[in-house]
Amino acid sequence: MIRIKDKSQCCGCEACVQRCPRQCISLIEDREGFLYPKVDKKSCIECNICEKVCPVINQSEAKEPLITYAAKNNDDKIRLRSSSGGIFSMLAEAVLNDGGVVFGVCWDKDWRLVFDYTESIDGLSRFRGSKYLQAHVGDAYLKVEQFLKSGRRVLFSGTPCQIRGLKLFLRREYDSLLCVDIICHGVPSPGVFRRYLNEEIANVAKNKVIDVDCLHIDDIQFRDKRTGWKSYSLRYQLRDNNANLYSNISLFTDNIYMRGFLQDFYLRPSCYVCSAKAGKSGADITLGDFWGIEQLKPEIDDDKGVSAVLLNTLLGKQIFEQLSVEKTLMNYAHVQQYNLAVYRSVARPQKRDKFFRSRKSFSATIESLSKITLKEKYIFIIKNLFRRICG
Ligand SMILES: Cc1cc2nc3c(=O)[nH]c(=O)nc-3n(C[C@H](O)[C@H](O)[C@H](O)COP(=O)(O)OP(=O)(O)OC[C@H]3O[C@@H](n4cnc5c(N)ncnc54)[C@H](O)[C@@H]3O)c2cc1C
Ligand code: SF4
Ligand code: SF4
Ligand code: SF4
């Protein structure tokens, strides 16, 4: 039976919940805003299936990709709506054109982040673009299994731990399944994102002197590229009951939510000791931003987005190399050099606990935690001096 003694031992993939034959595992939101499984011991028959499908308990070996490319979607409109080079959309279109089904992450009607699937190319737009918070898997793995058993091709995209969870859930390999994961920095708390949004909405209502209940979310983009791919912006749009629009766009370096995310204050505890990155997920293809491309191959960088494409299996290689896409062969070492998240977990910051203990507003908490204290300044200066003296 799943027993979570330490929160970092659960990445929240939900494989146990979906596989339990007694359906006696439910998900409970903790005070940090993450979902964790809880077993109803009275109904549990101690079959241990939940432990067999858990990616944290059943970790695989790290693996380097067979081959690495830098690539761009030829359609600039799609590339600009995508976070990196828009390669996810090309892979998804190839599977859909072959009669397949594509699973990805999108907003539901209440602006909660969930998994869903589409059978049409138009339906892909909901999945496009990174959303920087953890998505609720729901019954997505069960649906993938149903499609595979009925003979359909399936593309499933998600974080490395969600791919590993799916693979363990399925308990066998399917030639008709293409798994695509992302280079993953870590996932922020959905509860914290809700807190951020509620505070923003309340501020807009106050400034415009309208009732907060009249404002509704209309759109959220974490990687708006109108300021460039490398200096992207977070943009949200609200609508009031009279259809008036209120837009807000801020550079990721200025946006209060992105600042807290990039300082790792509210990642899921498992993300500081990730069990699925570095090729452990079993995904056929891993996608990320090709950071550093402006130095490695300046001729292909137009600041609209270049993807790092890591082909991990022969199936992934075969499907990607069939695409009509602008691609350049690269070294995996270059991805590692500019994108540590591909193989290394970020360190758990000391300020994480302070963030969750704070009683101030969300923005006031981030502002106060982002200030560099005198002690931190001294440590920084001493570390630098030490580095210079010792080489
Ligand atoms: C939380 C998070 C952290 C990331 N960290 C890094 C990083 O450190 N370095 C790096 O190079 N790249 C990172 N990425 C990946 C990168 O931002 C792009 O998602 C990836 O390169 C694919 O881009 P694309 O242009 O091909 O397609 P896009 O259209 O941008 O990709 C969309 C794909 O991402 C999936 N997706 C979006 N949000 C989520 C989510 N919350 N959970 C699971 N899947 C999601 C969609 O289902 C779809 O498959 C991260 C993405 C996320 C969601
Ligand atoms: S041991 Fe079996 S019945 Fe009990 S929670 Fe796990 S999967 Fe469900
Ligand atoms: S990591 Fe996944 S399978 Fe393991 S306990 Fe958490 S939700 Fe369940
Ligand atoms: S960092 Fe690891 S544990 Fe966290 S979401 Fe990404 S793959 Fe999952």
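Residues numbered from 1 in each chain as written. Chains lettered and ligands numbered in written order. Predicted model: local features only at pLDDT ≥ 70, side-chain atom pairs only at ≥ 80, totals over all residues. Heavy atoms only, no water.

A. Region of the structure containing the site of ligand 3. Residues in contact with ligand 3, as listed here, are Ile-2, Cys-10, Cys-11, Gly-12, Cys-13, Glu-14, Cys-16, Pro-37, Cys-54 and Pro-55. Residue classes in the shell around ligand 3 are distributed as eight nonpolar, one polar and one charged. (Near = heavy atom within 4 Å. Nonpolar A, V, L, I, M, F, W, Y, C, P; charged D, E, K, R; others polar.)

B. Representation of the nonpolar core. Residues Phe-156, Leu-177, Phe-222, Tyr-257 and Tyr-266 are the most contacted members of the largest nonpolar core, which totals 76 residues. The element that contributes the greatest number of residues to this core is helix H7 (residues 190–208), accounting for seven residues. Apart from residues lying up to four places away in sequence, Tyr-257 is in contact with Tyr-132, Leu-133, Pro-188, Ser-189, Val-192, Phe-193, Tyr-196, Phe-222, Leu-234, Tyr-266 and Phe-362. Formed by 26 residues, the second largest nonpolar core is a distinct cluster that contains Ile-67, Val-180, Leu-287 and Ile-319. (Core = buried A, V, L, I, M, F, W, Y, C linked by side-chain atoms within 4.5 Å. Buried < 20%, exposed > 50% of the residue type's maximum accessible area, 1.4 Å probe, protein only. Helix = DSSP H or I, 4+ residues; strand = E, 2+ residues; numbered from the N terminus. Contact = heavy atoms within 4.5 Å.)

C. Molecular detail of the pattern of salt bridges. Enumeration over the complete set of coordinates arrives at 28 salt bridges. Where Lys-149 meets Glu-145, a salt bridge forms, and the shortest distance between an N and an O atom there is 3.8 Å. Separated by four residues within a single helix, Lys-149 and Glu-145 lie in helix H5 (residues 140–149), roughly one turn from each other. Here Lys-230 and Asp-303 are joined by a salt bridge, their closest N and O atoms 3.1 Å apart. Separated by 73 residues along the polypeptide, Lys-230 in the loop between strand S8 (216–224) and strand S9 (233–239) and Asp-303 in the loop between helix H9 (293–296) and strand S12 (307–311) bring together distant segments of the chain. Overlapping salt bridges bring together Lys-72, Asp-76, Arg-79, Asp-302, Lys-304 and Glu-326 as one network. (Salt bridge = Lys/Arg side-chain N within 4 Å of Asp/Glu carboxyl O.)

D. Layout of the pairing of strand S3 (residues 67–72). Of all six residues making up S3, six are buried, and the element is well covered by its neighbours. Burial of S3 is two-sided: the residues Ile-67, Tyr-69 and Ala-71 facing one way and the residues Thr-68, Ala-70 and Lys-72 facing the other way are all buried. Note that S3 and S12 share five bridges and pair antiparallel. Each residue of the ladder has a partner; that of Tyr-69, found in S12, is Val-309. For S3 and strand S13 (residues 326–330), the ladder comprises five bridges, and the chain directions are antiparallel. The residue bridging Thr-68 from the neighbouring strand is Met-330, located in S13. (Pairing = 2+ DSSP bridges.)

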